Amino acid sequence: MVKSGRADKSAISQSIPSIAPPITALGVAKYAGLLSAGIPNEILVTGSLPRGETTQNVTYFVVDQATKTIVSQVILPDAADRFNAVEMRVKVGRYASAYDIGTFDANGEFAVCPFLSVRSSLNLSPPGGPSSR
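This text gives an overview of the structure that appears in the document. (Residues numbered from 1 in each chain as written. Predicted model: local features only at pLDDT ≥ 70, side-chain atom pairs only at ≥ 80, totals over all residues. Heavy atoms only, no water.)

## Let's talk about the nonpolar core
Then step 1. Counting 19 residues, the largest nonpolar core has Ile43, Tyr60, Tyr99 and Ile101 as the members making the most contacts within it.
Then step 2. Excluding anything up to four places from it in sequence, Tyr60 contacts Ser72, Gln73, Val74, Leu76, Ile101, Gly102, Thr103, Cys113, Phe115 and Leu116. (Core = buried A, V, L, I, M, F, W, Y, C linked by side-chain atoms within 4.5 Å. Buried < 20%, exposed > 50% of the residue type's maximum accessible area, 1.4 Å probe, protein only. Contact = heavy atoms within 4.5 Å.)

See below:
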C-alpha cells in the first residue's frame, strides 16, 4: 500500500518544530538599545505627491546625509488625484543634522526625491545639545 503525499507531509510537519520570524517582538525588545540608540528622534517628512491616478506604492528611504545610513522609511502612493500634500512625523533611532529622502534605482544608487523633504526634530538640537552625543 502506498501512502498519499498528504499523509507524508503531515508526518513531516509534525516532526519539524515551529519556526519564528527572523526578529520577534522579544528580539526587538532585546535589541531596542542597539536599534534605536535608546533615544528616538522625530523627523518631519513634507512635500506634495505628483498629481494623477495612484498606480502603486513607493518605498522612500530616509538617509543620514553624513553617514549615508538608512534611518527610516515611508511608503506613499506614486501619485494622488486629491489630497496630495504630505506631512508626517516619523521617529528615527539616531539624530542627524541633515537627512535625504529618496529611492534606490535598479543599480542600487540612491536618488533624492525632488518633491519630498525632511526636517530633523523641527530643526532643534537633540536633548542636551549636539555636543552631548
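Having seen the structure, we can now continue with the description.
## Quick word on the sheet that holds strand β1 (residues 41–48)
By definition, the strands of a sheet pair up through backbone hydrogen bonds, in either a parallel or an antiparallel sense.
Then step 1. Here we have 3 strands laid out as an open sheet, ordered β4-β1-β7, and antiparallel in their pairing. In this open sheet, the two strands that pair with only one neighbour each are β4 (85–92) and β7 (116–120). Each neighbouring strand pair of the sheet contributes to a mean axis angle of 20°, computed without reference to strand direction.
Then step 2. With 8 bridges connecting them, β1 and β4 associate as antiparallel partners. In the strand pairing of β4, Thr46 is matched with Glu87. (Pairing = 2+ DSSP bridges. Helix = DSSP H or I, 4+ residues; strand = E, 2+ residues; numbered from the N terminus. Axes fitted to C-alpha atoms, helices over the stretch in contact; angles between N-to-C directions.)

## A word on the side chain of Asp64
Then step 1. When you line up the elements, Asp64 lands in strand β2 (residues 57–64).
Then step 2. Residue Asp64 is classed as buried on the basis of its relative accessible area of 5%.

## Concerning the packing of aromatic side chains
Then step 1. Evaluated as defined, the whole model comprises 3 aromatic pairs.
Then step 2. Considering the side-chain rings of Phe61 and Phe104, the 5.4 Å spacing of their centres and the 65° angle between planes classify their relative orientation as edge-to-face. Placement of the pair is Phe61 in strand β2 and Phe104 in strand β5 (residues 99–104), with a sequence separation of 43 residues.
Then step 3. You can call Phe104 partly exposed: its relative accessible area is 37%.
Then step 4. Feature note: the residues Phe61, Phe104 and Phe110 constitute an aromatic cluster, connected by ring pairs. (Phe/Tyr/Trp six-rings, centres within 6.5 Å; stacked < 30°, edge-to-face > 60°.)

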